[in-house]
Amino acid sequence: MTTEEKYMQRCLQLAQNGLGTTYPNPLVGSVIVSENDQIIGEGWHLKSGEPHAEVNAVRDAEKKGYDGDAFAKATLYVNLEPCSHTGKTPPCATMIVQKGFKKVVVGTLDPHDKVAGKGVALLIEAGIEVIVGVLENECNDLNKRFFTFHSKQRPYVILKWAETSDGFIAPETKNEQKPVWITNPYSRQVSHQLRAQENAILVGSKTVIDDNPSLTSRDWSGDHPTRVVLDSRNSITSNYKVMDDAAVTLKLELSTSNILEIVNELYKNNIQSVIIEGGTTTIQSFIDAGLWDEAFQFMGTDVLFHQGLKAPVLSGDYTLISRKMIANDVLKIYRKK
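Looking at an unreviewed UniProt entry, the protein carries the name Riboflavin biosynthesis protein RibD, with the source organism given as Nonlabens arenilitoris. Listed in UniProt under the heading Function (unreviewed entry), the comment for the protein reads: "Converts 2,5-diamino-6-(ribosylamino)-4(3h)-pyrimidinone 5'-phosphate into 5-amino-6-(ribosylamino)-2,4(1h,3h)-pyrimidinedione 5'-phosphate."

Okay, structure coming up:
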């Protein structure tokens, strides 16, 4: 790993501190490295409307007594191109010029049409040496939600389900237990962590009627996702938990017969990422339409239903990127190529 890659890796680590809180902004971390190869300032973006990563890194360095003379000899690293426009905060590229930096290392360019190379151009015009593309793939992957939303005009789609070791997502009959748990409490906590990290969670009306889920991240610290319910027959009343005040709920009078229309509607509602959580028909419809990016398959190895509702089946070109045990459960994560 080169020196530049080492410090860009640190930017990525810092940026992850904002996972689940920066929406609609991307995840960004920044470090300032002195001429004698020491980090003198670090920062990350935490929330929309609050200072960006570069500003926080500069403030961190200034608190330690560093000023323009030190910045002129230092290098500023940031995983995403500095913004060049005034939004809720002033442009970071202008701030970098004003602070006197002579060298900036950028992980990847920003696809947002208000930036898209303009930030780097501003720095170069000011006489700053700019290096772009350090750990570019890793930087792109970190902001896969933001990049997908702005480049493909749709949310980043994550499929998620739990299945028994014999391949069922629900038993033939549920009696009084709603829902029927397939995985252990630790897996459910991981599931709620995922909810806290993403913008929205989507289910079909049958899942709401059968299980009456809350669809919140109550077992993990963080914001609740926007709850999206496909309700083409307008059958979900205020009596169901998804209609309470615990989180925002968006009802779409659409069916799984047109996944593209659903995705377009989510985009219109500025949803950058969505978890498709149920049921099998809804999840399988996204798979069959080829409109998914990642899939989280939880398997309860100690649970057998023998018969019931079959679990979704992935198809197309995809790869297994992770497999881990959560106590006695197995979590497999797939990514569509």
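Observations concerning unusual backbone geometry
That bond from tyrosine 23 to proline 24 is cis: its omega, 5 degrees, falls within 30 degrees of zero. As for its placement among the helices and strands, proline 24 is situated in the loop between α1 (3-15) and β1 (29-33). Of note, the bond from glycine 278 into glycine 279 is cis; its omega dihedral lies within 30 degrees of zero at -10 degrees. Along the chain, glycine 279 turns up in the loop between β11 (273-278) and α11 (280-289). Positive phi, close to 50 degrees, is recorded for asparagine 212, a residue that is not glycine. Among the secondary structure elements, asparagine 212 is positioned in the loop between α9 (205-211) and β9 (226-230). Of note in the backbone geometry, leucine 215 takes a positive phi value of approximately 60 degrees without being a glycine. Tracing the backbone through its elements, the reader meets leucine 215 in the loop between α9 and β9.

Re the sheet that holds β1
Note: strands within a sheet are paired through backbone hydrogen bonds, in either parallel or antiparallel orientation. If you trace the five strands from one edge of the open sheet to the other, you get β2-β1-β3-β4-β5, paired in mixed fashion. Because the sheet does not close on itself, it has two edges, and the strands there are β2 (39-44) and β5 (129-132). Averaged over all pairs of adjacent strands, the angle between their axes in this sheet comes to 15 degrees, without regard to strand direction. In this structure, strand β4 (residues 103-108) lies alongside β5, joined through four bridges in parallel fashion. Within β5, the residue paired with lysine 103 across the bridge is glutamate 129.

Some remarks on the sheet that holds strand β8 (residues 200-204)
One open sheet holds the eight strands; their spatial order is β10-β9-β8-β11-β6-β12-β15-β14, and the pairing between them is mixed. Across the chains shown, the open sheet's two edge strands, defined by having one partner strand only, are β10 (249-252) and β14 (318-326). Pairs of neighbouring strands in the sheet enclose a mean axial angle of 20 degrees, with direction left out of account. Where strand β12 (residues 294-300) lies against strand β15 (residues 329-336), seven bridges are found, and the strand directions are antiparallel. Residue pairing for β15: phenylalanine 298 is matched across the bridge by leucine 331. Running over the sheet, helix α7 (residues 144-152) touches β6 (156-164), β11, β12 and β15 and is turned about 125 degrees from β6.

Re the environment of aspartate 317
By the secondary structure assignment, aspartate 317 is in the loop between β13 (308-310) and β14. Assessed through its relative accessible area of 49%, aspartate 317 is described here as partly exposed. Remark: the alpha-carbon pair of aspartate 317 and glycine 290, spanning 27 residues in sequence, is separated by 9.5 Å. What aspartate 317 contacts, discounting residues up to four positions off in sequence, is Lys336 and Lys337.

Cut-off values and rules
Residues numbered from 1 in each chain as written. Predicted model: local features only at pLDDT ≥ 70, side-chain atom pairs only at ≥ 80, totals over all residues. Heavy atoms only, no water. UniProt positions renumbered as here; feature names shortened; annotations may be inferred. Helix = DSSP H or I, 4+ residues; strand = E, 2+ residues; numbered from the N terminus. Pairing = 2+ DSSP bridges. Axes fitted to C-alpha atoms, helices over the stretch in contact; angles between N-to-C directions. Contact = heavy atoms within 4.5 Å. Buried < 20%, exposed > 50% of the residue type's maximum accessible area, 1.4 Å probe, protein only.

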